[in-house]
Amino acid sequence: MGHLGALLFLLGSLGALADICEIPEVDRKLVERLGQRLLPWMDWLSLEHLNPSIYVGLRLSSVQAGAREAFYLHILKLNYQQSLLGLAINDDNSNNKAKPSMGQLALYLLALRANCEFVGGHKGDRLVSQLKRFLEDEKRAIGPHHKGHPHTSYYQYGLGILALCVHQKRLHDSVVGRLLYAVEHSHHLRHGHLSVDTVAMAGLAFTCLEHSNLNPNQRHRITVAIRTAREKILKAQTPEGHFGNVYSTPLALQLLMNSFMPGAKLGTACLKARAALLASMQDGAFKNVLIISQLLPVLNGKSYVDLISPDCEAPRVLLQPALETVSQTQELISVMLKVPSVLPPYRHPISVSAGSSLEDVLKKAQELAGFTYATQNSLSGPYLTSVMGKEAGAREFWQLLRAPNTPLLQGIADYAPKDGETIELRLVSW
């Protein structure tokens, strides 16, 4: 009977483990190689290239950049406070190029918290007020009956709520309510498909609000929304193990980690996702700094919610710059570039060196004449704003596809076309 009791206890324990999402330790060398990819970006110190997510990702990871981290935060403070406070003083005279987005301001506040700083004082209060104004504008755009859409996205909306939450700044229930309604009624869909990273960001914001109890009147609704977000993400797991796709999986795991969902087989799903991520890391799939910055905390068992009470004394391994290897051969490949959304339609083969990015292909096409394009920088890299003089209008964007009809998961700076591929730039509405 004693043996039977022990067996039943063991089976119960295994069942409980299957309901918990835990990410076992990953090979340190793999983590270090991933962290090394961020180091060159820390040398780009102009406002348009500064990316607070780099600092946040490193501080929540098991690796560090030493003195470069402190210097990077110093430059972030100089540039962001000057730009944002100038915007707060004189909104009418600010130009669009200098105006930071809601997402940039939110990530900057996360970076401050990653250094165990609470935003405060006269300057800090103005930054908080600016982010609250951004969110109020988005709330009005969505409307009281939820018929509208945010000017930016629900992803940035959730990120803004999360950033204020980790600094213990309360938002009106109506602001939080817009995001709750979006999760409850699937307003986070993109082109008819679940946007896993958007749901994950909303879930992280709600988790922070639940821990901090900043909106007690919404507490039950917040708790239910967290579970809804987790369930949606689990249902979006692919046969390979990713949640949505390889690039949305890190943020999804930030939400799922250390969660407990009885009967959901959460532990099994997370282990499958970890195996898929490891395979992708070994294949060198992660090049985008924003995604790397979201993945590094996961590999250290951390999430953005840990910024409620960050451990700034935790030991981290010092990163060394990676040794560059120069290829001895310059093999040329041919990529067919086509733009059917303009008149006359553009179609032309472009020769570039093997390993070139899609951005390199576009630059080469522009050098050859007959092709023009423009981009705008974002925290996840440059994106197309116009092609052949045709600008993306309101609720339009230039989609990247690999023939015959496969949307690319990476941006122009990260995707490397293969020899013989046809890449289409298509103007689509959303």
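Residues numbered from 1 in each chain as written. Predicted model: local features only at pLDDT ≥ 70, side-chain atom pairs only at ≥ 80, totals over all residues. Heavy atoms only, no water.

**Some words on helix α9 (residues 196–212)**
Filter applied, for reference: A helix here means a DSSP run of H or I that spans at least four residues, while a strand means a run of E at least two residues long, and both kinds are numbered starting from the N terminus. Helix span is expected to be 1.5 Å times the residue number reduced by one.
Here α9 spans 24 Å end to end across 17 residues, near enough to the 24 Å set by a 1.5 Å rise per residue. Within two residues after α9, Asn213 carries a phi angle of roughly 55°, on the positive side.

**Structural notes on empty space enclosed by the protein**
Filter applied, for reference: The way it works is a 1 Å grid over only the protein atoms, where trapped points that fit a 1.4 Å probe form a cavity and open points with protein on both sides within 12 Å along at least five of seven lines form a pocket, and then any residue with an atom within 4 Å of a point lines it. Grid points are joined across faces, edges and corners, and a volume is the space filled by probe spheres set on the points. Ten residues, namely Ala, Val, Leu, Ile, Met, Phe, Trp, Tyr, Cys and Pro, are considered nonpolar, four, namely Asp, Glu, Lys and Arg, are considered charged, and the remaining ones, Gly among them, are considered polar.
In this structure the tally under the stated criterion is 1 cavity of 30 Å³ or more. Around the largest cavity, the lining residues are Ile23, Val26, Leu253, Arg274, Leu277, Leu278, Met281 and Leu299. When residues in the lining of the largest cavity are grouped by element, the largest group, 4 residues, is from helix α12 (residues 266–282). Looking at side-chain class alone, the lining of the largest cavity contains 7 nonpolar, no polar and 1 charged residues.

**Details of the pairing of strand β10 (residues 396–402)**
Condition: At least two DSSP bridges between two strands are needed for those strands to be called paired.
Where β10 lies against strand β12 (residues 422–429), 7 bridges are found, and the strand directions are antiparallel. When the sheet's bridge partners are listed, Glu396 is paired in β12 with Ser429. Relative to strand β11 (residues 406–407), β10 runs antiparallel, the two sharing 2 bridges. Each residue of the ladder has a partner; that of Arg402, found in β11, is Thr406. Linking β10 to β11, which pair antiparallel, is a turn of 3 residues.

**Some words on unusual backbone geometry**
Here the bond from Leu343 into Pro344 is cis, since omega is -5°, no more than 30 degrees from zero. One can find Pro344 in the loop between β5 (332–339) and β6 (346–353). The omega angle of the peptide bond from Ala403 to Pro404 is 10°, so this bond is cis rather than trans. One can find Pro404 in the loop between β10 and β11. One non-glycine residue, His146, lies in the positive phi region at around 60°.

**Brief notes about the layout of surface pockets**
If you add up the space inside the second largest pocket, you get close to 320 Å³. As for the second largest pocket, its lining consists of 13 residues, of which Tyr247, Arg402, Gln410, Tyr415 and Lys418 are closest to the centre. Looking at the lining of the second largest pocket residue by residue, the class counts come to 7 nonpolar, 2 polar and 4 charged.

**Section: helix α14 (residues 358–367)**
Spelled out, the test is: Buried residues are those whose accessible area, probed at 1.4 Å on protein chains only, stays under 20% of the maximum for their type, while exposed residues exceed 50% and partly exposed ones sit between those limits. Here, the arc refers to the directions that run from the helix axis to the C-beta atoms.
Of the positions making up α14, those classed as buried are Leu358, Glu359, Val361, Leu362 and Ala365. Along the long axis of α14, the arc covered by the buried residues comes to 155°, so they all point the same way. Positive phi shows up at Ala369, right after α14, with a value of about 75°.

**Regarding the packing of helix α10 (residues 219–235) against helix α11 (residues 249–256)**
How we decide: Comment: axis = line fitted to C-alpha atoms, over the contacting stretch for helices; angle = value between 0 and 180 degrees taken between N-to-C directions. Working definition: roughly parallel below 35 degrees, roughly antiparallel above 145 degrees, roughly perpendicular at 65 to 115 degrees, and oblique for all remaining angles. For a crossing to be left-handed, the near helix must be turned anticlockwise from the far one by less than a right angle; the clockwise case is right-handed. By definition, residues are in contact when any of their heavy atoms lie within 4.5 Å.
Here α10 crosses α11 at 135°, and the two axes come no closer than 10 Å. The orientation of α10 relative to α11 falls into the category oblique. α11 is crossed by α10, and the crossing has left-handed handedness. Taken together, the residues of α11 that come into contact with α10 (itself represented by Ala229, Arg230, Ile233 and Leu234) are Ala252, Leu255 and Leu256. Taken together, the residues of the contact of α10 with α11 break down into 6 nonpolar, no polar and 1 charged.

**Quick look at the pairing of β6**
Bridge count between β5 and β6: 8 bridges; the pairing is antiparallel. Among the inter-strand pairings, Ile333 is bridged to a residue of β6, identified as Val352. As consecutive antiparallel partners, β5 and β6 are separated by 6 residues.

**Quick word on the state of the cysteines**
A covalent bond between the sulfur atoms of two cysteines is what we call a disulfide. Stated precisely, the cut-off is as follows: The disulfide criterion used throughout: a pair of cysteine sulfur atoms within 2.5 Å.
One pass over the structure, following the stated rule, counts 3 disulfides. The disulfide bridge from Cys21 ends at Cys270, spanning 2.0 Å between sulfur atoms. Measuring handedness by torsion sign, the sulfur bridge of Cys21 and Cys270 sits at about -110° and is left-handed. Note that Cys21 is positioned in the loop between α1 (2–17) and α2 (28–36) and Cys270 in helix α12, a separation of 249 residues in sequence. Neither residue differs from the other here; Cys21 and Cys270 are each classed as buried. With its sulfur 2.1 Å from that of its partner, Cys165 forms a disulfide with Cys208. Every disulfide takes its handedness from the sign of the S-S torsion; for Cys165 and Cys208 that torsion is -100°, giving left-handed. With Cys165 in helix α7 (residues 154–166) and Cys208 in helix α9, this pair connects stretches of sequence that are 43 residues apart. When its relative accessible area of 0% is taken as the criterion, Cys165 is described as buried. For Cys208, a relative accessible area of 0% puts it in the buried group. Each bonded cysteine in the chain gets a number by its place in the sequence, and the pairs come out as 1-5, 2-6, 3-4.

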